[in-house]
Amino acid sequence: MDLIHRLALRAQESTPVTPSQDTQESVIKILDSVLATEEYPSDHAPPLDIIVYALNNILRPAFLPELMSDFLHLFTMVEFYRRRVVEKASLAIEMNTFYSDNSQANVVLLDDEDKRILKSFVDEQKHGRRIFLKVIKECCIQDLERLWLMDSNVDYWVRCHEYLSIRGSPVTFRFGLTDKESEDFERGVILKLKDFMYSTMQTGEQLPRKGWVARFGSLRVF
């Protein structure tokens, strides 16, 4: 049985699964293996039900901060699907309008319910996009704050470069951002992160300079 089929069977199980930490990590490993195989097209996202299943395994029963990058990657795939649906819905409405004005065309038109559903997809586009942008910004902030408090400065600065690199960012969610969205994202993350970093340094300066406290007290940022 191939890997994508294994994940599909899991996703289609009728009995809800309460995953353990091992299960959460194993689902991500299987999905990574699927994407790494030559048989799976590099320009195709996995099926949506598998993406949602993997997201549920990251979020439940408790979110694992170590999987934040995986969460952002999968969440962005869901956004790609959503935008694709909006594009198709918009095109369907446009074509329906065109053929409804052409009485000679022998084409079956959308009924009122179909038009209502498709229009709702298009009308919710901006709202859905705002939700996506807010989620990725807050997730990046939380991830960077977590790494800032860890023992390794290297891990923090590597992740910071991944999220905030203006050119050549390897993270998926940066690929689909417009210039304005990218600018707003970077400004929001940097300003929030700057305040957090300064607050930790101030705390470090007020406490005995030993252990991790001393590390924060001696740093200067931005």
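Residues numbered from 1 in each chain as written. Predicted model: local features only at pLDDT ≥ 70, side-chain atom pairs only at ≥ 80, totals over all residues. Heavy atoms only, no water.

(A) Spotlight on the packing of helix α4 (residues 68–100) against helix α5 (residues 112–123). The geometry of α4 relative to α5 is characterised by a closest axis approach of 8 Å and an angle of 130 degrees between their N-to-C directions. Our classification of the angle between α4 and α5 gives oblique. In this structure, α4 meets α5 at a crossing whose hand is left-handed. Facing α4, whose interface residues are V85, V86, A89, S90, A92, I93 and N96, α5 presents K115, L118, K119, F121 and V122. In terms of residue class, the contact of α4 with α5 is built from eight nonpolar, two polar and two charged. (Axes fitted to C-alpha atoms, helices over the stretch in contact; angles between N-to-C directions. Helix = DSSP H or I, 4+ residues; strand = E, 2+ residues; numbered from the N terminus. Parallel < 35°, antiparallel > 145°, perpendicular 65-115°, else oblique. Left-handed = near helix turned anticlockwise from the far one by under 90°. Contact = heavy atoms within 4.5 Å. Nonpolar A, V, L, I, M, F, W, Y, C, P; charged D, E, K, R; others polar.)

(B) Representation of the packing of helix α6 (residues 125–148) against helix α7 (residues 153–164). One way to put it is that α6 packs onto α7 with a least axis distance of 8 Å and a crossing angle of 160 degrees. In terms of axis orientation, α6 runs roughly antiparallel to α7. In the crossing of α6 with α7, the sense of the turn from one axis to the other is left-handed. Taken together, the residues of α7 that come into contact with α6 (itself represented by C140, D143, L144, R146, L147 and W148) are D155, Y156, R159, C160 and Y163. Split into classes, the residues belonging to the contact of α6 with α7 amount to seven nonpolar, no polar and four charged.

(C) Representation of the nonpolar core in the model. Counting residues in hydrophobic clusters, the biggest one holds 31 residues, and the most contacted among them are F71, L72, I136, Y156, Y163 and F173. Within the residue set of this core, elements represented by two or more residues are α3 (48–59), α4, α6, α7 and α8 (179–206). Per-element accounting of this core gives the leading share, eight residues, to α6. Once residues within four sequence positions are removed from consideration, L72 is found in contact with I136, C139, C140, Y163 and F173. (Core = buried A, V, L, I, M, F, W, Y, C linked by side-chain atoms within 4.5 Å. Buried < 20%, exposed > 50% of the residue type's maximum accessible area, 1.4 Å probe, protein only.)

(D) Just the pattern of salt bridges, in detail. Counting across every chain of the model gives 14 salt bridges. With its nearest N and O atoms 3.4 Å apart, the salt bridge here joins E162 to R159. Of the two residues, E162 and R159 are both situated in helix α7; the distance of three residues between them amounts to about one turn of the helix. With relative accessibility at 23%, the residue E162 sits in the partly exposed group. For R159, a relative accessible area of 18% translates into the label buried. Between K180 and D184 there is a salt bridge, with its nearest N and O atoms 2.8 Å apart. Here K180 pairs with D184, and both are found in helix α8, just four residues apart, close to one helical turn. (Salt bridge = Lys/Arg side-chain N within 4 Å of Asp/Glu carboxyl O.)

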